[in-house]
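Here is what each chain is made of, one letter per residue.
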Amino acid sequence: LTQHPLPFDVYTNLDDATVEAYQLAGTPRTVVIERDGTVTANWFGAYYGSVADEIESKLDVSLPRVDGEEHH
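Criteria and thresholds
- Residues numbered from 1 in each chain as written.
- Predicted model: local features only at pLDDT ≥ 70, side-chain atom pairs only at ≥ 80, totals over all residues.
- Heavy atoms only, no water.
- Helix = DSSP H or I, 4+ residues; strand = E, 2+ residues; numbered from the N terminus.
- Buried < 20%, exposed > 50% of the residue type's maximum accessible area, 1.4 Å probe, protein only.
- Contact = heavy atoms within 4.5 Å.
- Areas by Shrake-Rupley, 256 points an atom, 1.4 Å probe, with all protein chains shown as cover.
- Lys, Arg positive; Asp, Glu negative; His and termini not counted.
- Charge placed at Lys NZ, Arg CZ, Asp CG, Glu CD.
- Pairing = 2+ DSSP bridges.
- Patch = residues over 30% accessible without salt bridge, like charges linked within 9 Å, V, L, I, M, F, W, Y side chains within 5 Å.
- Salt bridge = Lys/Arg side-chain N within 4 Å of Asp/Glu carboxyl O.

## With respect to the overall build of the chain
Stage number 1. When helices and strands are counted, the chain shows two helices and two strands.
Stage number 2. Listed by position from the N terminus, the elements making up the chain come as α-β-β-α.
Stage number 3. Taken over the C-alpha atoms alone, the chain extends approximately 40 × 25 × 20 Å along its principal axes.
Stage number 4. Within the chain, buried positions represent 17% of all 72 residues.
Stage number 5. If you take every contact in the chain between residues at least 6 apart in sequence, the share linking residues at least 24 apart comes to 11%.
Stage number 6. Surface summary for the chain: the accessible area is close to 5900 Å², and the carbon and sulfur share equals 50%.
Stage number 7. Each charge sign in the chain was given a centre, from 4 positive and 13 negative side chains, and these centres are 4 Å apart.

This is the structure we're talking about:
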């Protein structure tokens, strides 16, 4: 994030109460939470295929791809 800043807040090392409140488990996990606390997107697992496509579209970012995988 230092080398490639994002235009939204990113949180790491969350406390147990936050992990439980948002039912977070496993990594990687990407959750989009609106300012009012509403969860509008929640992705679990590796960022490839349709998951990567959805994250790129929703967050307007470009993710690194595994060798041989193309952006759609």
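## Some points on the pairing of strand E2 (residues 39–44)
Stage number 1. As paired strands, strand E1 (residues 29–33) and E2 are joined by five bridges and run antiparallel to one another. Among the inter-strand pairings, Arg29 is bridged to a residue of E2, identified as Phe44.

## What about a nonpolar patch on the surface?
Stage number 1. Together, Leu1, Leu6, Phe8 and Val10 make up an exposed nonpolar region whose accessible area comes to about 330 Å².
Stage number 2. Tracing the backbone shows Leu1 in the segment before helix H1 (16–21).

## So, the environment of Thr12
Stage number 1. Secondary-structure assignment places Thr12 in the segment before H1.
Stage number 2. With a relative accessible area of 57%, Thr12 lands in the exposed category.
Stage number 3. Residues Thr12 and Arg35 lie 23 residues apart in sequence; the distance between their C-alpha atoms is 18 Å.

Function-wise, these values are silent; they only describe arrangement.
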